[in-house]
Amino acid sequence: MILLLCRVYRSIKLILISLLGLSLSLLIAGQAVSSERLPVPAIQTDNVHRETVDQSEEQGLAAYETDEYESAISNWRTALVNYHNQGNTLAQSRINNLLALAYQQLGRWDEAYQSLETALNHLPDQLSSNLNAQVLQLYAQNLNNRGSLQLAEGKSEQALDSWQQAYELYLRLHDSAGVIRSQINQAQALQSLGFYQRAAEQLRETTTSLTKEPASLLCLVALRRLGHLYFLLGQMEESQQVVEKGISMAQTLQIDKEIAQMLTLRGNIAEKREQLDEALNFYDRALELQLSPALTIHSQLSRLNVWVKQSKWEQIHKNWLQIQQELAKSPSNRNSIYSRIYFAKILLNLIQNESAQTILKFEQINVAQVLLGAVQQAQVLADQRAESYALGYLAKVYEQSRQWAYAYQLTEQALTLAQLHQATDIEYQWQWQLGRLLKAQGNIADAIIHYDQAIELLKNLRGDLVAIGSEVQFSFQESVEPIYRELVALLLQPESMQPVSQEKLEQARDIIESLKLAELDNFFKEACLDVVPVQIDKIDERAAIIYPILLGNHLDTIIRLPHQPLKHLSIQVSDQKIDQLVEQLRNTLVVRSRRQYLAPAQQLYDWIIRPISADLKNSNVETLVFVLDGPLQNIPMAVLHDGSHFLVEDFSIALTPGLKLISPQTLHQDSIKILVAGLTQARQGFSPLDYVVQEVQAIKNSVQHKEILLDQAFTRTALQHKLTSQSFPIVHIATHGKFSSKAEETFLLAWDKRINVTELDQTLQASLAFGEQAIELLVLSACETASGDKRAALGLAGTAINAGARSTLATLWSINDQATAHLIGKFYQALTQPNTTRAKALRQAQLTLLQDPQYRHPIYWAPYVLVGNWL
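Computed from a prediction, not measured in an experiment: that's the story for all the values here.

Definitions and limits used
- Residues numbered from 1 in each chain as written.
- Predicted model: local features only at pLDDT ≥ 70, side-chain atom pairs only at ≥ 80, totals over all residues.
- Heavy atoms only, no water.
- Phe/Tyr/Trp six-rings, centres within 6.5 Å; stacked < 30°, edge-to-face > 60°.
- Helix = DSSP H or I, 4+ residues; strand = E, 2+ residues; numbered from the N terminus.
- Lys NZ or Arg CZ within 6 Å of the ring centre and 35° of its normal.
- Contact = heavy atoms within 4.5 Å.
- Buried < 20%, exposed > 50% of the residue type's maximum accessible area, 1.4 Å probe, protein only.
- Lys, Arg positive; Asp, Glu negative; His and termini not counted.
- Salt bridge = Lys/Arg side-chain N within 4 Å of Asp/Glu carboxyl O.
- Polar contact = N/O pair within 3.5 Å; in protein donor to acceptor, adjacent residues only side chain to side chain.
- Axes fitted to C-alpha atoms, helices over the stretch in contact; angles between N-to-C directions.
- Parallel < 35°, antiparallel > 145°, perpendicular 65-115°, else oblique.
- Left-handed = near helix turned anticlockwise from the far one by under 90°.
- Nonpolar A, V, L, I, M, F, W, Y, C, P; charged D, E, K, R; others polar.

Chemist: Before we go on, may I ask you to explain the packing of aromatic side chains in this structure?
Modeler: The way to describe two aromatic rings as a pair is by their centre distance and the angle between their planes. Scanning all chains against the criterion turns up 10 aromatic pairs. Between Tyr-64 and Trp-76 the ring centres are 5.8 Å apart and the planes differ by 40°, which places this aromatic pair in the tilted class. Taken together, the residues span a long stretch of sequence, with Tyr-64 in helix H1 (residues 50-65) and Trp-76 in helix H2 (residues 69-86) at a distance of 12 residues. Among the aromatic side chains, those forming a connected cluster through ring pairs are Tyr-64, Tyr-69 and Trp-76. Here Lys-673 stacks its cationic end above the ring of Phe-728, 5.1 Å away from the centre of that ring. Arg-683 extends its terminal NZ or CZ atom over the ring of Trp-751, reaching a point 3.8 Å from the ring centre.

Below you can see the structure in the form of C-alpha cells.
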C-alpha cells in the first residue's frame, strides 16, 4: 500500500478527485478556468488608414472587455471588410484572431477554429528566421488563442503544447508581456491536467517576477489565478494573502472588474472557512461596483448560497426572483448557462429544505424554467457539454418530484450528449442518476449496472490524461463518495432471504477499496499511482481482513479469513448511532480517571467481532487487519472489549486504508538502523514534551545503530540532510503534530517551523533520491488526530502514504507521559527479536503496559496504531 501510492512531485496522471474537493460555487470564484481569458494584447499596426479603420477594431475591443461579444463580433467584421478593401492581410489576420476569442466566449467552436485558420491563411506558410516582428506576433497570438479554445474544449495537452510554442515565439521577440501571458496560460493548462503543484510553482515564479515591476493588469490576473489555485489546493491562508495583495493592486490601478473578481474570490475563501458574515461583506462590496451583468450575477449567486447556509429566508425571498429576472435578460454565452445551472442547484437545495419550502413556497416549475432557459441557450450555442449539464439537472427536478419517467428520459438525453462529446466527467454523473432512478423503482439489477458504469468512468478519469471540465465542480462527499456507498449497499442487499453471493461480496469489497483510494486522492488533490491488489493468503496465512462499512441505516462487515470464502455480517444501526458511540468512546478513552469507555467498546465488539469470534479462533488467526470506515478510523480497535478483556489481548492489530500492497516484506532485525528526531522544549506556542528525552533514551537502550536530532538540531533541513547522507530503514519523530481530514491542517512540528504533509513527503523521500529503499517504518510519536473531525484519520493515513513508508506507527492522541517512553522502549526491544512482525511488536509493547497497574487504563497504551504493512 504505502510505497505504491501518492507522490505529489512526480509526473503523475490526471485525477477526477483533484477538482472535486470544492463546491459548485467555484464557478463563481473568479469564473471557470476554461472560460476565463487574459487581457487582449494592444493593437499593433502600421496601417496608414488607422483613423478610418481602427475605430471599428477598437470599438470591438471595448465591447469585448465588457462581455458584449455579439457587439464585438459585429465591429470586428466591419473592420475585417475595411482591412480587406485595403489589402492589409496582416490586419485581417489580427482581426480573425480576435474573432476567434469572441466566438469561443459564445461557445461557437467551429466558427472560432475557422477564424484561427483564416488568420493563418493571411500569414506566410512557414515560420522562418527572416519574418518581421509583426508577423511573429500574429503567429504567437494565434497560438495563444488556439490554446484557449483547446482548453475550453477539454483538450488540455494540446492547449499546453500551443502555449509552449507561443512562449518560444515571445522569447524570440523579446516580448516580456507575451512571455508572461503564455506562462500564465501554461499554468492554467497544467492545472486542468491535474498538475496543481507544477501550476502553482509556475504562477509563483511569474507573480514574483511581476511584483518587482510596476503594477499591471497582467500581474493582477496572475495573482488572481494563483489565489484561485491555492483555493483549489485547500491552502486558504496562502490564497487569502495572494488575493488581498491582488485587491490592493487592483484598487491602485482602479480596475473595477478585477476588484470585483478578487472580492468574490476573497468571499469564497471566507465562506470555505465558515466565516459567513465576512463572506457576505466581500460579496456586497463586489456588487457595489455595479459591473457587467455576468459579474453581478456571479456575486449575487455567491451571496445567495451563503444566505441559504444561514437560513436567512427574508433575504432569499427578496433576491431570488431578482436573480431569475436578471438571468432571463442575460446574453447567451457559457457563463450565463452555468450561472443558470448553479442558480438551479441552489433552488433545488431550498426545495429540499422543509423550513424554506414552508416560508418561501417555492414551486419546482421555477427551477425547471431556469434550467429550460439554460438548455435553450446551450442548443443555440451548440454547446453539448452545457446542454448535457442543463438537461441532467432538469432531470433532478423531476427526480425530486418522483416523476420517474420524465427524469429517466431527460437523464438519458443528457447521457447521450455527454457520450457524443466524450465528456466522461459528465457522463459518470448521469450514469449514477440513472442508477438512482432505477433503484427508486425497484429495478435493482439494472441499477447496479449503471452504478458500476459510473464507478468505471471515475476510475478512467483518475487514470487518464483527460481534462476535467471545470465549469461545474462538486464536493467529493456530495458527488463522488455516495456513488461507491450506494453501490455497495445494493450489492449487499439480500435477495429472497438468500445470503449475498461471493461474486457480489468480492465486488463490494473491491468498491470499498476503490473508495479508500479515492478518499486519499481527494485528500492530496493529486492522483496516486496505479495500484495492484495482492492476495492476502499469500502474504500472511495468519491474518484476517475486516471491512466494517457504514451504509446509512446499517453496519455491514465483510471478513476475509485465511483460505476461506468471504463472510458478510449486517447489523441494523444508523450512521448517527455509530457516530455517537464512537464519539463517546473517544471522549472517555482520553480521561484516565474514568472507565465509561467499556460500554461503547463492548457494543462495538458485539457488532464487529463477536459474530466471527469462533471463526477467528478456528482459523488460527493471529493478526486482525482493519480497513476502517468513517468515524471508526478515529478510535483504536485494540480497545474493543468482549466483557472480560480487550481485543489486543487476543490478537495483533493493524490498520490499512486498503489492501493495495506492493512488495510486502518482513523487517530484517539484524540490520535495523534508526534516525530519531524530537522536540523537548516549548516551541511556536506548543507545550514542552517532557518525556521525549526518556523516549530517546529508551531507543538508545534498545537499538544499536541510531542517529539523534534533538531540539535545535531537529530542523527540516537537518532531517533531509541525514536522509540523503545515510540509509535509515526506520525514522522516528517525537514531536507535536496533528492529523486532519484537511491536508493543509496536517503537520509535524520541527524546531524551526511546521512541516506540512507535502513538505514531509519531500523530506522523507530524500532517501529515495539518495538511491536507498523506501522507509520501512515511520514512527510519529506525540501526534494526535483532530478532535471532532470525523475524517481526521485521512491525515494519519495520508501522512504515512505521502512519506513513502511501508508502515507507520502513530498516536491517535498525544500522551505527554512516561508511559510513552516505556511503550516505545518495549516496542523496539520486541522489534529487534527474530521472527517478530511489526504488529506483534506493538502488541507486546501494549500488553506490557496493560499488565502494569500504573498504565492499565487505555489512555496510556491504546492510542498507538500501526498503519500499513504489519509484517
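Structure shown, so let's carry the discussion forward.
Chemist: Sorry, what's going on with the environment of Ile-730 here?
Modeler: Of note, Ile-730 is situated in strand E8 (residues 730-739). For the pair formed by Ile-730 and Leu-777, sequence separation is 47 residues and the distance between their alpha carbons is 4.8 Å. Look past the residues within four positions of Ile-730 in its chain and what remains in contact with it is Leu-667, Ile-672, Lys-673, Ile-674, Leu-675, Leu-777, Tyr-828 and Leu-831.

Chemist: Can you help me understand the side chain of Asp-175 in this one?
Modeler: On the secondary structure map, Asp-175 appears in the loop between helix H6 (156-173) and helix H7 (176-192). Buried and unpaired, Asp-175 has Arg-181 as its nearest opposite-charge partner, separated by 5.5 Å. Side-chain polar atoms of Asp-175 contact the side chain of Gln-137, separated by 2.7 Å.

Chemist: What exactly am I supposed to notice about the packing of H6 against H7 here?
Modeler: Each packed pair of helices is defined by two parameters, the angle between the axes and the distance between the axes. The contact between H6 and H7 brings their axes to 9 Å, and the two run at 165°. Here H7 runs roughly antiparallel to H6, going by the angle between their axes. Of the two possible hands of crossing, H6 and H7 adopt the one that is left-handed. Facing H6, whose interface residues are Ser-156, Leu-160, Trp-163, Gln-164, Ala-166, Tyr-167, Tyr-170 and Leu-171, H7 presents Gly-178, Val-179, Arg-181, Ser-182, Gln-183, Asn-185, Gln-186, Gln-188, Ala-189, Leu-190 and Ser-192. Taken together, the residues of the contact of H6 with H7 break down into nine nonpolar, nine polar and one charged.

Chemist: Sorry, what's going on with the pattern of salt bridges here?
Modeler: When their charged atoms lie close together, side chains carrying opposite charge are able to pair. What the rule picks out here adds up to 25 salt bridges. We note a salt bridge from Lys-312 to Asp-277, for which the minimum N-O separation is 3.9 Å. With Lys-312 in the loop between helix H13 (293-310) and helix H14 (313-329) and Asp-277 in helix H12 (residues 276-288), this pair connects stretches of sequence that are 35 residues apart. The partly exposed category is assigned to Lys-312, whose relative accessible area is 26%. Residue class for Asp-277 comes out exposed when judged on its relative accessible area of 55%. Close ionic contact of Arg-485 with Glu-481 constitutes a salt bridge, the shortest N to O distance being 2.8 Å. Here Arg-485 pairs with Glu-481, and both are found in helix H23 (residues 481-491), just four residues apart, close to one helical turn. In this structure Arg-485 comes out as buried when scored by relative accessible area, which is 16%. Overall, the relative accessible area of 6% leaves Glu-481 in the buried class. Taken together, the shared-partner salt bridges connect Glu-481, Arg-485, Lys-516 and Asp-629 into one network.

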